[in-house]
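Chains, contacts and geometry: an overview
Chain by chain, the residues run as shown.
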Amino acid sequence: MKIENHRLYEDDGQPVEFTRTPNVSSYALQPQYLVMHYTAGRSVKSAVNTLTNPRVSASAHLVIGRDGSVVQLAEFNKVTWHAGRSSWQGLNGLNKYSIGIELDNAGKLEKSQDGSWHAWYGDVIEDAQVLEAPHKNYPSIPYGWQLYTPEQLLITLEIAELLVNEYNLKDIVGHDDIAPRRKTDPGPAFPMESFRSRILGRADTEEDEATYRTTANLNIRTGPGTSYPKLDVAPLPKGVRLEVVDIEGIWKMVNVLDEVKGEVDISGWVHGNYIEQI
Ligand SMILES: [Zn+2]
């Protein structure tokens, strides 16, 4: 993809779908940050309808669907209304200083009496799509969160990288960083740390280069959380050597340096409490 005249284009030169929102300010954006959100809605269509409704004082620059589809609502040099009352690094009112991306996602989920998870608007979200984790702003309370899809995260990573480079943005933050008492989006299901380290190069290089070993039989999974499936080789035996290549909270993405059950070149996510540096 590419950006030209503050509009996003596909590789084949076609602009992404554009539905203009009237919910913009008249003054120019002074871009410094990329702010990530979830829609807490049912679909891209419902989000676009809301964010282009003149009676709703809300908008963003982009909405990205669970299938990886993208809708742009305003040019990237316009001030859109996605941050609300907010502050970050000495700035107040981040709409003036940021580009906003809304990800189609049901957001924080509620548990029904039968144990199933549902969105606030009633739809059941199947267990395989749910991460059970506390929010960093409320660390003692576990909630359910709808997972983002791999297609959605892949395209979002590509677009975030383009925006950071084109507008020389300083950082990628969540709505829950800049308005922590009001907001929980994009929440723990969004891999913020790996986005930041991939795009901004913030990985802890000292930790990256170190070698670790498992301190117990340890499950290894496809993603950073117990709701991700275990790899076939799981559990790793105690004492297996690892290198850490990515970090998401307490979860570490590791390359396994030893052969396990006849398998080599194993990579996956493990809980960081059960590895130690050697
Ligand atoms: Zn938000």
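None of the values given here were measured: they were computed from a predicted structure.

1. A word on the side chain of threonine 39
Position of threonine 39 relative to the elements: it lies in the loop between β5 (33-38) and α1 (44-51). We classify threonine 39 as buried; its relative accessible area is 19%. A distance of 3.2 Å separates a polar atom in the side chain of threonine 39 from the backbone nitrogen of asparagine 105. Once residues within four sequence positions are removed from consideration, threonine 39 is found in contact with Ala47, Glu102, Leu103, Asp104 and Asn105.

2. Things to note about the packing of helix α2 (residues 150-166) against helix α4 (residues 192-200)
Packing of α2 against α4 leaves a shortest axis separation of 10 Å and a crossing angle of 45 degrees. What the angle tells us is that α2 and α4 run oblique. Here α2 and α4 pass one another in a crossing that is right-handed. In this structure, α2 contributes Leu153, Thr156, Leu157, Ala160, Glu161 and Val164 to the contact, and α4 contributes Phe195, Arg198, Ile199 and Leu200. Tallied by class, the residues present in the contact of α2 with α4 amount to 7 nonpolar, 1 polar and 2 charged.

3. Brief notes about the nonpolar core
Judged by nonpolar contacts, the single largest core of 37 residues is most densely connected at Leu8, Leu34, Ile101, Ile159 and Leu163. Sort the elements by how many residues they give to this core and α2 lands first, with 7 residues. Not counting residues within four places of it along the chain, the set of residues in contact with isoleucine 159 comprises Met1, Leu8, Leu62, Ile64, Val70 and Ile101. Counting 17 residues, the second-largest nonpolar core is a separate cluster that includes Leu218, Ile220, Leu236 and Val254.

4. Some thoughts on the confidence of the model for the protein
The predicted structure's coordinates, where accompanied by low pLDDT, should not be read in detail. Here the protein averages 93 in pLDDT, and 97% of its residues register 70 or above. Note that pLDDT drops below 50 for residues 203-207; the model gives that stretch 6 contacts with residues more than four away or on any other chain.

5. Here's the deal with the packing of aromatic side chains
For the structure shown, the criterion picks out 5 aromatic pairs. When the centroid spacing of 5.8 Å and the interplanar angle of 80 degrees are considered together, the rings of tyrosine 143 and tryptophan 145 count as edge-to-face. On the basis of relative accessibility, which here comes to 1%, the residue tryptophan 145 falls in the buried class. Ring geometry for phenylalanine 190 versus phenylalanine 195: centroids 4.7 Å apart, planes at 55 degrees, classification tilted. Look at phenylalanine 190 and you get buried, because its relative accessible area is 2%. Of the residues examined, phenylalanine 195 reaches a relative accessible area of 4% and is grouped as buried.

6. Examining a negative patch on the surface
Together, Glu10, Asp11, Asp12, Glu158 and Glu161 make up a negatively charged patch on the protein surface. With respect to the element layout, glutamate 158 can be found in helix α2. Overall, the relative accessible area of 32% leaves glutamate 158 in the partly exposed class.

7. Here's the deal with the domain arrangement of the protein
As far as domains go, the protein holds domain 1 (2-106 + 146-200) and domain 2 (205-277). For domain 1 and domain 2, the distance between their C-alpha centres works out to 32 Å. Taken together, the contact between domain 1 and domain 2 spans 8 residues of the former and 6 residues of the latter. Looking only at domain 1, the three residues that lose the most surface to domain 2 are Leu147, Glu193 and Ser194, adding up to 69% of its buried area. Run the count over domain 1 and domain 2 and you get 3 residue pairs in polar contact (both at pLDDT 80 or more). Residues of the side of domain 1 that touches domain 2, tallied by class, amount to 4 nonpolar, 2 polar and 2 charged.

Parameters at a glance
- Residues numbered from 1 in each chain as written.
- Predicted model: local features only at pLDDT ≥ 70, side-chain atom pairs only at ≥ 80, totals over all residues.
- Heavy atoms only, no water.
- Helix = DSSP H or I, 4+ residues; strand = E, 2+ residues; numbered from the N terminus.
- Buried < 20%, exposed > 50% of the residue type's maximum accessible area, 1.4 Å probe, protein only.
- Polar contact = N/O pair within 3.5 Å; in protein donor to acceptor, adjacent residues only side chain to side chain.
- Contact = heavy atoms within 4.5 Å.
- Axes fitted to C-alpha atoms, helices over the stretch in contact; angles between N-to-C directions.
- Parallel < 35°, antiparallel > 145°, perpendicular 65-115°, else oblique.
- Left-handed = near helix turned anticlockwise from the far one by under 90°.
- Nonpolar A, V, L, I, M, F, W, Y, C, P; charged D, E, K, R; others polar.
- Core = buried A, V, L, I, M, F, W, Y, C linked by side-chain atoms within 4.5 Å.
- pLDDT = per-residue confidence, 0-100.
- Phe/Tyr/Trp six-rings, centres within 6.5 Å; stacked < 30°, edge-to-face > 60°.
- Patch = residues over 30% accessible without salt bridge, like charges linked within 9 Å, V, L, I, M, F, W, Y side chains within 5 Å.
- Areas by Shrake-Rupley, 256 points an atom, 1.4 Å probe, with all protein chains shown as cover.
- Salt bridge = Lys/Arg side-chain N within 4 Å of Asp/Glu carboxyl O.
- Lys, Arg positive; Asp, Glu negative; His and termini not counted.
- Charge placed at Lys NZ, Arg CZ, Asp CG, Glu CD.
- Domains from an automatic or database assignment.
- Buried area = accessible area lost by both parts, 1.4 Å probe.

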